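# Report on the structure
Next come the chains, spelled out residue by residue.
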Amino acid sequence: MNELTKEDITAIDCMARHIRALRTQCINNVKADFAEPCENCPNIDECNLDWVETMRPVLQYGTDVKVMAPMEHQS
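Rules behind the numbers
- Residues numbered from 1 in each chain as written.
- Predicted model: local features only at pLDDT ≥ 70, side-chain atom pairs only at ≥ 80, totals over all residues.
- Heavy atoms only, no water.
- Helix = DSSP H or I, 4+ residues; strand = E, 2+ residues; numbered from the N terminus.
- Contact = heavy atoms within 4.5 Å.
- Areas by Shrake-Rupley, 256 points an atom, 1.4 Å probe, with all protein chains shown as cover.
- 1 Å grid on protein atoms, 1.4 Å probe; cavity = no way out; pocket = protein on both sides within 12 Å on 5 of 7 lines; lining within 4 Å.
- Points joined across faces, edges and corners; volume = space filled by probe spheres on them.
- Nonpolar A, V, L, I, M, F, W, Y, C, P; charged D, E, K, R; others polar.
- Axes fitted to C-alpha atoms, helices over the stretch in contact; angles between N-to-C directions.
- Parallel < 35°, antiparallel > 145°, perpendicular 65-115°, else oblique.
- Left-handed = near helix turned anticlockwise from the far one by under 90°.
- pLDDT = per-residue confidence, 0-100.
- Disulfide = S-S within 2.5 Å.
- Buried < 20%, exposed > 50% of the residue type's maximum accessible area, 1.4 Å probe, protein only.

## With respect to the overall build of the chain
When helices and strands are tallied, the chain shows three helices and zero strands. Its helices and strands taken in sequence order, the chain reads α-α-α from the N to the C terminus. Intrachain contacts of the chain at a sequence separation of at least 6 include 51% that bridge at least 24 residues. Split by element, the accessible area of the chain, about 6600 Å² in all, is 56% carbon and sulfur.

## Some thoughts on the layout of surface pockets
In this model, the second largest pocket occupies a volume close to 170 Å³. Partitioning the lining of the second largest pocket into residue classes produces two nonpolar, two polar and five charged.

## Focus on the packing of helix α1 (residues 6–27) against helix α3 (residues 51–59)
Two elements in contact, α1 and α3, have axes separated by 8 Å at closest approach and are oriented at 110°. On the basis of their axis angle, the class for α1 and α3 is roughly perpendicular. In the packing of α1 onto α3, the handedness of the crossing is left-handed. For the pair formed by α1 and α3, the contact residues are E7, D8, T10, A11, I12, C14, M15 and H18 on the first element and W51, T54, M55, P57, V58 and L59 on the second. In terms of residue class, the contact of α1 with α3 is made up of nine nonpolar, three polar and two charged.

## A word on the confidence of the model for the chain
In this model, the chain carries an average pLDDT of 83, and 81% of its residues clear a pLDDT of 70 or more. Mean pLDDT in the chain bottoms out at α3, which sits at 85, and peaks at α1, which reaches 92.

## A closer look at the state of the cysteines
Summed over the entire model, instances satisfying the criterion amount to zero disulfides. C38 takes part in no disulfide bond, and the closest cysteine sulfur to it belongs to C47, at a distance of 6.0 Å. Here C47 stays unpaired: no disulfide links it, and the sulfur of C41, its closest cysteine neighbor, is 5.9 Å away. C47 sits in the buried class, given a relative accessible area of 19%.

Printed below as a string of C-alpha cells:
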C-alpha cells in the first residue's frame, strides 16, 4: 500500500471539512454554504480557496454515488 502524501492528506481533510459543514447545515435546515469550512481552515494559505484543485487527489478516483435530493424536495 502506498503512503499518503501531504497533498492526499490535505485533500481528505478538505473533503471532510466540507462534508461535515454541509451535513450540519442540512441538519439545521440552513441553506448550503460550501465556503463556510474555508473560513477557519488552517490550510487556507496553501489552497487559496481552490477547493477543486485541493481535492483533486481524491476526486481523480471518481465515484458512482449520486448525491441528490428527490425532485419533490428541490426548490
